[in-house]
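# Report on the structure
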Number of protein chains: 2
Amino acid sequence: MMVGSTVPAEHLDRVLELYGRLVTETRKEPGCVRYELLQRRDDPRELMLVEEWESQEHLDAHTRTPHFVTVVGELDRLERAAPALIYNRVL
Amino acid sequence: MMVGSTVPAEHLDRVLELYGRLVTETRKEPGCVRYELLQRRDDPRELMLVEEWESQEHLDAHTRTPHFVTVVGELDRLERAAPALIYNRVL
């Protein structure tokens, strides 16, 4: 799954701090294969969260964790997230 | 780096076959950390190539390999690729 977001420059430091907390806690969750934050080289306000989960159930459980609810609630006020795109890995 | 592409349904089988060859050969290259093909769950015509390289030099060398030149030349006739987006992993 990929979730792109655009962050106003003045919120970037705080947003990266929040993602730091989210990434640390999420990687401890069962079923989390990959949880990485990327930043566009030509535009640091453009972020991309790349997630890989063992199953849809693991992903669903993730969205109910306290760290997800708290951090995403705060992120929603600081960045503009695009709709999540769900991919299957084929190769 | 991420490269999205849209493939007309009638070319999808052939395009996946070409990517199969590209992925197999590319993963043998020095400096290739990750080279994966994803397909949108809600629209199989939407592909995303996710690449991670140890350095820009490794990526540059990749684009000069015979398999890259041959396969991408054929892919260009069958799919519509978006501009490559280059990211740094920050978390």
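Residues numbered from 1 in each chain as written. Chains lettered and ligands numbered in written order. Predicted model: local features only at pLDDT ≥ 70, side-chain atom pairs only at ≥ 80, totals over all residues. Heavy atoms only, no water.

If you check an unreviewed UniProt entry, chain A appears there as Quinol monooxygenase from Rhodococcus kronopolitis.

So, about the interface of chain A and chain B. Across the boundary between the two partners, chain A contributes 24 residues, which contact 24 residues of chain B. Together, the buried faces of chain A and chain B total about 2500 Å²; carbon and sulfur atoms form 58% of this surface. Of all residues in chain A, the largest losses of buried area upon contact with chain B belong to A:Arg41, A:Tyr87 and A:Leu91, amounting jointly to 28% of the total for that side. Summed over the shared surface of chain A and chain B, the number is four salt bridges. Across the pair A:Glu36 and B:Arg89 runs a salt bridge whose closest N-O atoms are separated by 3.2 Å. At the surface where chain A touches chain B, the tally comes to 18 residue pairs in polar contact (both at pLDDT 80 or more). Contributing elements (two or more residues each) for the side of chain A that touches chain B: helix 1 (12-26), strand 2 (32-40), strand 3 (46-53) and strand 5 (87-89) of chain A. In the side of chain A that touches chain B, the residues fall into 13 nonpolar, four polar and seven charged. Where strand 5 of chain A meets strand 2 (residues 32-40) of chain B, three bridges bridge the pair, whose relative direction is antiparallel. Bridge pairing in strand 2 of chain B links A:Tyr87 to B:Arg40. (Contact = heavy atoms within 4.5 Å. Buried area = accessible area lost by both parts, 1.4 Å probe. Salt bridge = Lys/Arg side-chain N within 4 Å of Asp/Glu carboxyl O. Polar contact = N/O pair within 3.5 Å; in protein donor to acceptor, adjacent residues only side chain to side chain. Helix = DSSP H or I, 4+ residues; strand = E, 2+ residues; numbered from the N terminus. Nonpolar A, V, L, I, M, F, W, Y, C, P; charged D, E, K, R; others polar. Pairing = 2+ DSSP bridges.)

Let us now look at the pattern of salt bridges. Scanning the entire structure with this criterion turns up 16 salt bridges over all chains. B:Arg14 is the partner of B:Glu17 in a salt bridge, and the nearest nitrogen-oxygen pair spans 2.6 Å. One end of the pair is B:Glu17 and the other is B:Arg14, both in helix 1 (residues 12-26) and three residues apart, which spans about a single turn. Ionic contacts of the salt-bridge type, sharing partners, join the residues A:Arg34, A:Glu52, A:Arg89 and B:Glu36 into one network.

Next up on the list: the sheet that holds strand 1 (residues 2-6) of chain A. Taking strand neighbours across the sheet as the criterion, the five strands line up as 4(A)-1(A)-3(A)-2(A)-5(B) in an open arrangement whose pairing is antiparallel. Across the chains shown, the open sheet's two edge strands, defined by having one partner strand only, are strand 4 (80-81) of chain A together with strand 5 (87-89) of chain B. By the bridge criterion, two bridges tie strand 1 of chain A to strand 4 of chain A in an arrangement that is antiparallel. Directly across from A:Thr6, in strand 4 of chain A, lies its bridge partner A:Arg80. Relative to the sheet, helix 1 of chain A contacts strand 1, strand 2 and strand 3 of chain A, its axis offset from that of strand 2 of chain A by approximately 165°. (Axes fitted to C-alpha atoms, helices over the stretch in contact; angles between N-to-C directions.)

With that settled, the discussion passes to the relation of the copies chain A and chain B. The operation relating chain A to chain B is a screw motion whose rotation component is 180°, with 0.0 Å of axial translation and a residual RMSD of 0.0 Å. Between the two chains, the operation in question is that of a two-fold axis. If distances are taken from each C-alpha of chain A to the rotation axis, the shortest is found for A:Val50, at 5.1 Å. (Least-squares fit on C-alpha atoms with pLDDT ≥ 70 in both.)

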